[in-house]
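Summary of the model geometry
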Amino acid sequence: MIGTTAADDPFSQVAASFAVTDAGTIGSATTSDTNGVLSLVVPAAAVAAFNAPVLVSNRSTTTGVLGSFAVSDSRVLTQEGWILSADVADFVNAADGSVIGASQLGLAPQLVSTDATGVSLVTAQTAGSATYPMNLAVAAPAQTVGTTVLNAGLTFVAPPEKSVGTYRSTLSLTLVSQ
């Protein structure tokens, strides 16, 4: 195998070898015990970017994007597939302790690019009725070697009874092998 890592470094590795006998048949095959790795690559200073809020049906609504991140799967032997999920903490106003539930953040998975097959996005969550944790994307076993770049559209709807202020939350991504 010859390729490039997620960091654009070239690599070369023997994944399997076999011998052709004098009779023209393939003799015993051997495989390397190096499987590869599954990794989630998120920029170090990743912060979701939101647009200015607007009133939609008398509710303060803002949209934005999570920012691109990548799932890199180089597990050439096992090709187990993976599941990427997101969890969102409640939004807290540090000034007065007001809390807005995580359900107010809608999250819509987006596929930016992939060189893997068998990757599918999960249905978007709607702001106001979102439930977390949620799956963002799933990669089918035996098909997913490669790098998949994802993003997510965000929609936040503030309940009108909550105090005005700056609310903060944490969105966590979890990548697990199937």
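One structure accompanies this document, and this report is about it.

Definitions and cut-offs
Residues numbered from 1 in each chain as written. Predicted model: local features only at pLDDT ≥ 70, side-chain atom pairs only at ≥ 80, totals over all residues. Heavy atoms only, no water. Helix = DSSP H or I, 4+ residues; strand = E, 2+ residues; numbered from the N terminus. Buried < 20%, exposed > 50% of the residue type's maximum accessible area, 1.4 Å probe, protein only. Contact = heavy atoms within 4.5 Å. Areas by Shrake-Rupley, 256 points an atom, 1.4 Å probe, with all protein chains shown as cover. Pairing = 2+ DSSP bridges. Axes fitted to C-alpha atoms, helices over the stretch in contact; angles between N-to-C directions. Core = buried A, V, L, I, M, F, W, Y, C linked by side-chain atoms within 4.5 Å. 1 Å grid on protein atoms, 1.4 Å probe; cavity = no way out; pocket = protein on both sides within 12 Å on 5 of 7 lines; lining within 4 Å. Points joined across faces, edges and corners; volume = space filled by probe spheres on them. Nonpolar A, V, L, I, M, F, W, Y, C, P; charged D, E, K, R; others polar.

Observations concerning the overall build of the protein
Counting its regular elements, the protein contains zero helices and 18 strands. Within the protein, the fraction of its 178 residues that count as buried is 29%. Taking the intrachain contacts of the protein between residues at least 6 apart in sequence as the baseline, contacts between residues at least 24 apart amount to 71%. Accessible surface, the protein: about 10,100 Å² in total, of which carbon and sulfur atoms supply 56%.

Description of the sheet that holds strand S14 (residues 119-121)
Read from one edge to the other, the open sheet built from four strands follows the order S14-S15-S10-S18, with strand pairing classed as antiparallel. Both outer strands of the open sheet, S14 and strand S18 (171-177), are each paired with one neighbouring strand and no more. Within the sheet, the average angular offset between the axes of one strand and its neighbour, ignoring direction, is 20 degrees. Relative to strand S15 (residues 134-139), S14 is paired through three bridges, and the arrangement is antiparallel. Each residue of the ladder has a partner; that of Leu121, found in S15, is Ala137.

Focus on the sheet that holds strand S11 (residues 91-93)
Here three strands make up an open sheet; going across it, the order is S12-S11-S17 and the pairing antiparallel. The strands lining the two open edges of the sheet, one partner per strand, are strand S12 (99-100) and strand S17 (167-168). Where S11 and S12 come together, two bridges link them in antiparallel fashion. By the bridge assignment, Val92 is partnered in S12 with Val99.

Some points on the nonpolar core
Ranked by size, the top nonpolar core spans 27 residues in total, and within it Trp82, Leu84 and Tyr132 carry the most contacts. Put simply, the parts of the chain that give this core at least two residues each are strand S9 (69-73), strand S10 (82-88), strand S13 (105-114), S15 and strand S16 (146-158). If you tally residues by element for this core, the top one is S16, at five residues. With residues up to four places along the chain from it excluded, the contact list for Leu84 reads Leu40, Phe69, Val71, Met134, Asn135, Leu136, Ala137, Leu150, Leu173, Thr174 and Leu175.

What to know about the environment of Val145
With respect to the helices and strands, Val145 occurs in the loop between S15 and S16. A relative accessible area of 30% places Val145 in the partly exposed class. Put simply, Val145 and Gln79 are 66 residues apart on the chain and 6.6 Å apart in space, counted from C-alpha to C-alpha. Residues within four places of Val145 in sequence aside, it is in contact with Asp73, Ser74, Arg75, Val76, Gln79, Asp115 and Ala116.

Describing unusual backbone geometry
Pro133 follows Tyr132 through a cis peptide bond whose omega is 0 degrees. Note on placement: Pro133 falls in the loop between S14 and S15. With a phi angle near 40 degrees, Gln79 is a residue other than glycine that sits in the positive phi range. With respect to the element layout, Gln79 can be found in the loop between S9 and S10.

Regarding the layout of surface pockets
Roughly 1,000 Å³ of volume is contained in the largest pocket. Taken together, 38 residues make up the lining of the largest pocket; nearest its centre are Phe50, Phe91, Tyr167, Arg168 and Ser169. Put simply, the parts of the chain that give the lining of the largest pocket at least two residues each are strand S8 (59-65), S16, S17 and S18. By residue number, the principal contributor to the lining of the largest pocket is S8, which donates four residues. Of the residues belonging to the lining of the largest pocket, the class tally is 23 nonpolar, 12 polar and three charged.

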